[in-house]
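Close look at the chain arrangement
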Amino acid sequence: MATVLVLWLAVYLSGTLAVDKGNFKTCDQSAFCKRQRALKPGESPYRALLETMELTKTRLTLQLTNDNNKVRLLLELYRLQGNMTRVKINELKPLKPRYEVPDVLIREPPTEPLSLLSQDENGVVLSLGVESQRVIVSARPFRLDIMEGREVLMSLNSRGLLAFEHLRMRKDTQAESEGEKKDEADSANQAEKAKEEEEKDEDGMWEETFKSHSDGKPNGPSAISLDFSWPGVEHVYGIPEHADTLRLKTTDNGDPYRLYNLDVFQYELYNPMALYGAVPVMLAHSAQRTTGIFWLNAAETWVDISSNTAGKTVFGKMLDYVQGSSETPQTDVRWISESGIIDVFIMLGPTPKDIFSQYASLTGTQSFPPLAALAYHQCRWNYNDQEDVQTVDAGFDEHDIPYDFIWLDIEHTDGKRYFTWDQHKFATPKEMLQGLMDKKRKMVAIVDPHIKVDSNYKIHNEIRSRGFYVKNKDGGDYEGWCWPGSAGYPDFTRADMRDWWASQFAYDQYEGSMENLYTWNDMNEPSVFNGPEVTMHKDAVHGAWEHRDVHNIYGFYVQMATAEGLIQRSGGVERPFVLTRAFFAGSQRYGAVWTGDNAAEWDHLKISIPMCLSLGLVGISFCGADVGGFFKTPSTELLVRWYQTGAYQPFFRAHAHLDTPRREPWLFGPENTALIREAVRQRYTLLPYWYQQFYNTHHTGEPVMRPLWVEYPQDPATFALDDEFLIGRDLLVHPVTEEGARGVTAYLPGKDEVWFDVHTFQKHNGAQNLYIPVTMSSIPVFQRGGSIIPRKLRVRRSSTCMEHDPYTLHVALNLQRAAVGELYIDDGHTFNYDKKEFIYRRLSFANNILSSVNLAPDAQFSTRSWIERIVILGASKPSKVTLKTPDGQESQVEFDFDSSMSVLTLRKPGMNAGVDWTIALE
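Residues numbered from 1 in each chain as written. Predicted model: local features only at pLDDT ≥ 70, side-chain atom pairs only at ≥ 80, totals over all residues. Heavy atoms only, no water.

Quick word on the overall build of the protein
The helix and strand inventory of the protein stands at 17 helices and 53 strands. The C-alpha radius of gyration computed for the protein amounts to 29 Å, which stays within 12% of the reference 29 Å derived for 922 residues, consistent with globular compactness. When the backbone C-alpha atoms are referred to their principal axes, the protein occupies close to 100 × 70 × 55 Å. Within the protein, the fraction of its 922 residues that count as buried is 61%. Taking as baseline every contact in the protein between residues at least 6 positions apart, the subset at least 24 positions apart corresponds to 72%. Of the roughly 34,100 Å² that the protein leaves accessible, carbon and sulfur atoms contribute 49%. (Helix = DSSP H or I, 4+ residues; strand = E, 2+ residues; numbered from the N terminus. Rg over C-alpha atoms; globule rule 2.2 N^0.38 Å. Buried < 20%, exposed > 50% of the residue type's maximum accessible area, 1.4 Å probe, protein only. Contact = heavy atoms within 4.5 Å. Areas by Shrake-Rupley, 256 points an atom, 1.4 Å probe, with all protein chains shown as cover.)

What about the environment of Met 802?
With respect to the helices and strands, Met 802 occurs in the loop between strand E43 (787-791) and strand E44 (807-812). The class for Met 802 is buried, based on a relative accessible area of 3%. Residues Met 802 and Ala 585, spaced 217 residues apart in sequence, show a C-alpha to C-alpha distance of 35 Å. Look past the residues within four positions of Met 802 in its chain and what remains in contact with it is Tyr 684, Lys 792, Arg 794, Val 795 and Arg 796.

Remarks on the side chain of Ser 127
Along the chain, Ser 127 turns up in strand E6 (residues 123-127). What makes Ser 127 buried here is its relative accessible area of 16%. Here Gly 129 takes part through its backbone nitrogen, which lies 3.0 Å from a polar atom of the side chain of Ser 127. Those residues in contact with Ser 127 that lie beyond four places of it in its chain are Leu 114, Ser 115, Leu 117, Gln 133 and Arg 134. (Polar contact = N/O pair within 3.5 Å; in protein donor to acceptor, adjacent residues only side chain to side chain.)

Points about a negative patch on the surface
Negative charge collects at one region of the surface, where Asp 172, Asp 201, Glu 202 and Asp 203 lie side by side. Turning to its location among the elements, Asp 172 is positioned in helix H3 (residues 171-181). (Patch = residues over 30% accessible without salt bridge, like charges linked within 9 Å, V, L, I, M, F, W, Y side chains within 5 Å. Salt bridge = Lys/Arg side-chain N within 4 Å of Asp/Glu carboxyl O. Lys, Arg positive; Asp, Glu negative; His and termini not counted. Charge placed at Lys NZ, Arg CZ, Asp CG, Glu CD.)

Considering the pattern of salt bridges
Scanning the model with the defined rule gives 66 salt bridges in all. The salt bridge involving Arg 441 is made with Asp 393; its shortest N-O contact spans 2.8 Å. Here Arg 441 is found in the loop between helix H8 (429-438) and strand E23 (442-446), whereas its partner Asp 393 is found in helix H7 (residues 386-398), with 48 residues between them in sequence. Of the two residues, Arg 441 and Asp 393, both sit in the buried class. Between Arg 575 and Asp 826 there is a salt bridge, and its shortest N-O distance comes to 3.2 Å. Within this pair, whereas Arg 575 is found in the loop between helix H12 (554-569) and strand E30 (578-580), its partner Asp 826 is found in the loop between strand E45 (819-825) and strand E46 (839-846), the two being separated by 251 residues in sequence. Asp 826 carries the same exposure label as Arg 575, and that label is buried. Sharing partners across several salt bridges, the network here consists of Asp 215, Arg 258, Glu 300, Glu 338, Glu 533, Lys 538, Glu 546 and Arg 548.

Observations concerning the packing of helix H14 (residues 636-646) against helix H15 (residues 670-685)
Between H14 and H15, the least distance of the axes is 8 Å, while the angle of their chain directions is 10°. Between H14 and H15, the angle is such that the two are roughly parallel. Of H15, the residues touching H14 (which contributes Thr 636, Leu 639, Val 640, Tyr 643, Gln 644 and Gly 646) are Asn 672, Leu 675, Ile 676, Ala 679, Val 680 and Arg 683. Here the residues of the contact of H14 with H15 sort into 7 nonpolar, 4 polar and 1 charged. (Axes fitted to C-alpha atoms, helices over the stretch in contact; angles between N-to-C directions. Parallel < 35°, antiparallel > 145°, perpendicular 65-115°, else oblique. Nonpolar A, V, L, I, M, F, W, Y, C, P; charged D, E, K, R; others polar.)

Side note on the confidence of the model for the protein
On average, residues of the protein score 94 in pLDDT, and 93% of them are at 70 or above. Of the regions scoring below 50 in pLDDT, residues 194-198 engages in 10 contacts with residues more than four places distant in sequence or in other chains. Below pLDDT 50 for its whole length, residues 311-319 participates in 6 contacts with residues either more than four positions away or in separate chains. (pLDDT = per-residue confidence, 0-100.)

Here's the deal with the sheet that holds E46
Within the open sheet, the 11 strands sit side by side as E50-E49-E53-E47-E46-E45-E43-E44-E48-E52-E51. Their pairing is mixed. Sheet topology places strand E50 (890-892) and strand E51 (894-898) at the edges, where each strand pairs with a single neighbour. When strand polarity is set aside, the average angle formed by the axes of neighbouring strands in this sheet is 20°. (Pairing = 2+ DSSP bridges.)

Concerning the nonpolar core
With 176 residues, the main nonpolar core has Phe 294, Trp 501, Ile 553, Phe 577 and Tyr 643 as its most contacted residues. No other element matches helix H13 (residues 602-617), which puts 9 residues into this core. Ignoring any residue separated from it by four or fewer positions in sequence, one finds Phe 577 in contact with Ala 373, His 377, Trp 407, Val 444, Tyr 518, Thr 519, Leu 566, Ala 592, Phe 622 and Phe 651. Grouped together as the second largest cluster of nonpolar side chains are 50 residues, Leu 128, Val 137, Leu 226 and Ile 239 included. (Core = buried A, V, L, I, M, F, W, Y, C linked by side-chain atoms within 4.5 Å.)

Quick word on the pairing of strand E20 (residues 342-347)
Counting buried positions along E20 gives 6 out of 6 residues, so the element sits mostly inside the fold. What you see with E20 is no split at all: Ile 342, Val 344 and Ile 346 on one side and Asp 343, Phe 345 and Met 347 on the other are buried throughout. Pairing of strand E4 (residues 84-91) with E20, which is carried by 6 bridges, proceeds in the antiparallel orientation. What sits directly across from Lys 88, in E20, is Asp 343. The sheet contact formed by strand E17 (residues 290-295) and E20 spans 4 bridges and is antiparallel. Directly across from Gly 292, in E20, lies its bridge partner Met 347.

Put into structure tokens, the structure is as follows:
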């Protein structure tokens, strides 16, 4: 065993090799995927037994039978509030219960009445109550179509690939039990058994070997599969995490996309291999409609995508156009999971924002982070000791670069024992934390979920004595190798284990911790260096369930318990900040994610954009990539470009591998220091806008960093774009991600829109590809005409130091010479916003009047911040500018006008940011 760890560490620490794909399964090497993929379309053995149908106000139930083996399934269909449909399929009488995923849904989704429209021997038609929406259930073969008017929105089992491997006794044990019960069995049962006997056992059904690892399968084959068809759709998105384009590719000529949380260091790009997290949600978009599928299953899952237009050449598509092809584009998707049940939520939109709202109603919204967490984070594996931390902290002040968080990786602990400190290198952690607190800065320390097996380690002893470890198939504590050597893995699927874990973050339990120490959960896929595919054996045991049933939800539970610990330690007052590497649907409720162990390569910089866009589409807005790349050493050009890109992504953290040269921002000469400083300062000036976007996503589920098609859903030119993006509605960013670039071409959307370069205030029309010459200082960013964006231009050493500073409003006028925006202010770190302690104002400009109106009159909060400057882009020169305040006072405001750029600057109007006011241009 020790040899395994030494070999793994040698590879991981060297950071020189790319991923060894041989460590991870292909579909052909995953027995259930290979079995299911071998099924041929159009040969479905399932039919609906219409005579078993029961319809109540809230649901329809119907039995399905497999004509090959006579095993019956139970179909449940629900119409949910908010234009969604839920379909569940389970065995009618399973040998034992099958796993149904708990804790991901924020509540049991409320239902709405279903009504029967018609029924005959071929099927039934049900009304979904919305604009002539209905569900058609066809009996033979079973098929389900969701329609609106005469249009099919989505079909289930239209290709006949529904498969449900029923739980069964193994044949060699079945013979014995049948002998004992022979007299009791009636002839019908014997006939059914005979049918079952006809099913041939295939390799991998009852045990499976990968490399040197054996997977015993006491429950036998248990895979499930279902196909979905989307007529009229060519673009599908989602199912992160994959290092691939935003628009998902067809998988006909390769492996399906895999969802199985794995520790894949230095991952390859542009392929469907599994990575650290899995969100089984797919969105389909066309100019007419956006819809989505949420496949609620936590087992290993593979997703196949095919399209009837995928293989066509441009000439072929042109020929279709000229000849008037009647073929509607269609995308077919097939989900295959190893165990559990089919539990699928069909989200019917019809707009992108409806989809975000629908999914948020199921799994919740992005947690609202402390404002400081949206600022800049400085990390590496590892800062050596307290003196090193102090020196780096001072370096930021010396070079006038702001930062909010400094991070400690695994070396800060006492021998990789989490919740401890190295007694020599970090002898007085509270002194170190107090030094940071005095500068209004914070720290993050890593707490991983593998626990060193050591009888002198309090955490291990408590977990073992309480029986909280995951068990192996023989009932003992499961042990694997990770950073500490031999490690146990707490069973986070247990609520009592999570409660105990949360309690360990209390200040009197976690020695040396203070209120400005936050947490990072790494390796929580879980990573097991000597396990199959570097993870836990599937036949490990979590109470009544095997690890295969719960694998993809393990990391979700680790972050959940950690976030709860940080909330509890403050008595429920302070918002937590927890970063996780592994995640699942619903992880957005607990903090941030990052894209894992990337590399200092230009393609890794580029892929960070579609990776975070994909996560945002499925609810996880707080996403970022290691700035500079974790493995390898970036050129100074790549490092600068990565800072410029990261400054405009939601989670902004530099991080680096143990063996890379130090790369604090000031180590690359004064010119590069200045470029990095400017990128970081741009982030800080925009923190009011970032914070407002996170307040918005916390309430609506709309992504903070979003693809252009979300705001321009009828513009096909936006559908596959993933080298540029929007922050909220109003900022468009096209980072420079090409080495040696002299220019970039950005698509500015909206035929009736105008866009303003935020650096030069140059105005550009929408619906065009704009070539932008760039130098090393360029970050192409545009503000949408019609928007008002708040900024704070007095950048200080941390965001907390800027709390009371004044605002500058950038008002970008549209073609109608109007603009709207918002201003949100609260204390930045507590849950008091839930008690209506905040300021939320609408800013609007129309008819030459700019005003601030209270959007939350029942909320109470005061701010010392005031309005220092207003910059109006696309303006005309006024003769005078008058400010009116609530007390009826009027005063003249000084202004400058740049006629060459049509920019009007109002200087020091001076009103408090939290009150009503109007400014009239005359």
